[in-house]
Amino acid sequence: MEHIFKIFESFIEPAVVLIILIILLIVNSWIFKKIKSTTSNGNITKGAIAFFLILAGILVFILGLPIDKSLKGQILGFLGIIISAGIALSSTTVLGNLIAGIMNNSMNRFRNGDLIKIGEFHGKVIRKSIFHTEIQLEDSNFITIPNLYIANNPVKLTRKTNTVISTSVSLGYDISREKIEEALRDAANEIGLSDPYVYITSLGDFSVVYKIHGFLEDSNKYFSTSSLLNAKVMDKLHEEKIEIVSPTFMNQRRVDEKEFIPKQVIKKPDSIDEKSPEDLIFDEAIKSEKIETKKDYLKEIDKKQKDLKDKLKNLKDDKKIEKIKSIIKKNDEMKKRIENNIKEQIERDKDSAK
C-alpha cells in the first residue's frame, strides 16, 4: 500500500502542471472571448499565447516526471531537435506561416479595409488570421494569401486620402509640349483630382511619353477614378484636335490627311444615386472596414473614460462630479451599443456566408 502511495505521490507534480496548463488555456480563451469585439488581432494573439503556454507546459511536465535525470535529458534533447528542425524548415511549413503571421500583425502593416498590393494581387483586406490573409480583389473575387508570402514580398499600402492617381500617353514630337501638358492637367481637374502635374517619362524614337498625376481625396474610388482619368485624357486630347497615334501609324498606311478623332457624343446626366463600382466590388471589404472603424471608436471611448475618471478623482464640486458621472454613464451605454452592433454585424456576415 505504501508503495502504491509513493507512485501516486510521484505523479502529483506532473498532474498539477497539466491542471494549471488547462486552467491557463481556459482563462486565455475566456479573456479573448470577452475582448473579442475590441481587438482586431485577438485570434492571432490568442493562438500565439496558447502555443507558447503549451510549449512551456510540455517542458515543465517532462521535468516533473518521476524518471531518471539522464532519461529526462534525452527526452528534452529529442524535443529540442524537433523544435530546431521545425524552425529550420519554417520557410516552407506551417510554422513559417505562424511566425510570419505573428510578425506581420505585430508590425501592424495594414488592417481590414485597407487597399493593398502584394505582387500581382491588388485589393482590399477582408480578414487576417495567424496563418493567412484574405483580400477581395478588384474583380470582387476573394483570394487567400499565406502570411509567409506577405512577409517575403513588399506590400504597397494605398493611402486613405490624397493618394496619387496617374496614367501615361505617348504622343508625337510634332505636337506642342505645352499644349499637351495643359490638356492633361485639364483632364485631371475635370474628374476631381487636385494639384495635377505632368512628367515626361520617356523620349522614344517616334514619340514622347507623358504621365499625368493628380491627388485623389477618397481612395475608396481608386479603380473607377483611374479608369475615368484614362477616359477623360482621351476625350480632352480629342477636343484639342490632338491625335493619339504615333508617327509610325501614319508612315505605314495612307490616310489622306484624315484625322483619327471620334465624333463627340451627347453626354447623358449621371445618376445621383448610382453606386460607384467600388461599392459593388468591395462589398465584403467595406463591411470589414466599418467594423474596424467601430473598434477604433471604442478605443477612443476607453481613452476618454480613463481621462474622465482621472479628472473625477481631483474634483470637489458636487455639480461637476455629477456632470462627469453622467458623461461616463452615457459613454458606457454608447460603448455597449457599439459592441452589440459589432457582434450582430459579425453574426450577420457569418449567416450570409453560409
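As shown above, the structure is provided for reference.
Computed from a predicted model, the values in this text were never measured in an experiment. (Residues numbered from 1 in each chain as written. Predicted model: local features only at pLDDT ≥ 70, side-chain atom pairs only at ≥ 80, totals over all residues. Heavy atoms only, no water.)

A.B. asks: Give me the lowdown on the packing of helix 7 (residues 177-190) against helix 8 (residues 222-239), citing residues and values where you can.
C.D. replies: Helix 8 packs onto helix 7 with a crossing angle of 135° between their chain directions and a minimal axis gap of 9 Å. If you check the angle between helix 7 and helix 8, you find them oblique. Note that helix 7 runs across helix 8; the crossing there is right-handed. Note on element contacts: helix 8 touches helix 7 through Leu229, Lys232, Val233, Lys236 and Leu237, opposite Ala183, Leu184, Asp186, Ala187, Ala188 and Glu190. A breakdown of the residues in the contact of helix 7 with helix 8 according to their chemical character gives 7 nonpolar, no polar and 4 charged. (Axes fitted to C-alpha atoms, helices over the stretch in contact; angles between N-to-C directions. Helix = DSSP H or I, 4+ residues; strand = E, 2+ residues; numbered from the N terminus. Parallel < 35°, antiparallel > 145°, perpendicular 65-115°, else oblique. Left-handed = near helix turned anticlockwise from the far one by under 90°. Contact = heavy atoms within 4.5 Å. Nonpolar A, V, L, I, M, F, W, Y, C, P; charged D, E, K, R; others polar.)

A.B. asks: Report on unusual backbone geometry, specifying residues and quantitative values.
C.D. replies: Phi at aspartate 195 is positive, roughly 50°, even though this residue is not glycine. Here aspartate 195 lies in strand 7 (residues 194-203). Positive phi is not limited to glycine here, since lysine 241 has a value of about 60°. Counting through the fold element by element, lysine 241 comes out in the loop between helix 8 and helix 9 (247-252).

A.B. asks: Explain the environment of lysine 294 residue by residue, including any values.
C.D. replies: Within the secondary structure layout, lysine 294 lies in helix 11 (residues 283-313). Take lysine 294: its relative accessible area is 27%, and that puts it in the partly exposed class. Residues lysine 294 and isoleucine 338, 44 residues apart in the sequence, show an inter-C-alpha distance of 7.0 Å. Setting aside residues up to four positions removed in sequence, lysine 294 forms contacts with Ile338, Asn341 and Ile342. (Buried < 20%, exposed > 50% of the residue type's maximum accessible area, 1.4 Å probe, protein only.)

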